[in-house]
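Residue strings, one per chain:
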Amino acid sequence: IGAAFNSYLIFEMGEELYLIDQHAAHERMIYDKLSGDERVISQQLLIPEILSFPHDHMIALQENLELLSELGIEAELFGPLSIKVSSVPQIVGEINIRGFFEDILDGLQYGKKNIARSRDRVARAACKRAIKAGQKITEADARKILDEIAKTKVIPQLVISKYRFLHQDNHSIF
């Protein structure tokens, strides 16, 4: 049906009306895609980005290149303290690559090989890139979120913080 305050998506499904927090829905969508078992679709960058990091971060990145690849991130070593990023997960949309990698580095556990835990932490880091409350989104982005809800028939809940939604059926609105 529409949106309210650049923060909520309003839609109906069958005989029910939903008011969904757009940030919660998008964050959950990103988390579910990145923390699942299936390979993530990558979005090739037009111009690869070269990023430099301190030595300890480079070790963490080097040890987790395979995990990053599974998450749709194509990165390779580019000298002793740099990486070249060629693609990112399509689901995160347009992002600040450096900020994205800083969030990922916070999620990687240096020296530990617990892939499930690392995957979860990287997915949580990626959630910081979700559409925010108050951020105007395109109709196409709203449609993707609503299509995902319709497909899974699951009302998304926030991964990181409190979730808000309102659900009313046709007979109890007034």
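Residues numbered from 1 in each chain as written. Predicted model: local features only at pLDDT ≥ 70, side-chain atom pairs only at ≥ 80, totals over all residues. Heavy atoms only, no water.

A. Representation of the pattern of salt bridges. Counted according to the given criterion, the structure contains 3 salt bridges. The residue R143 makes a salt bridge to D147 at a minimum N-O spacing of 3.9 Å. Taken together, the residues span about one helical turn, with R143 and D147 both in helix α6 (residues 139–152) at a distance of 4 residues. On the basis of relative accessible area, D147 is assigned to the partly exposed category, the value being 41%. Linking K151 and E148 is a salt bridge whose minimum nitrogen-to-oxygen distance equals 3.6 Å. Linking K151 with E148, this pair stays in helix α6, spanning 3 residues, or about one helical turn. (Salt bridge = Lys/Arg side-chain N within 4 Å of Asp/Glu carboxyl O. Helix = DSSP H or I, 4+ residues; strand = E, 2+ residues; numbered from the N terminus. Buried < 20%, exposed > 50% of the residue type's maximum accessible area, 1.4 Å probe, protein only.)

B. Structural context of the side chain of S87. When you line up the elements, S87 lands in strand β6 (residues 82–89). Given a relative accessible area of 1%, S87 falls into the buried group. Those residues within four positions of S87 in sequence are excluded, and the remaining contacts are S42, Q43, Q44, L45, G72, I73 and E74. (Contact = heavy atoms within 4.5 Å.)

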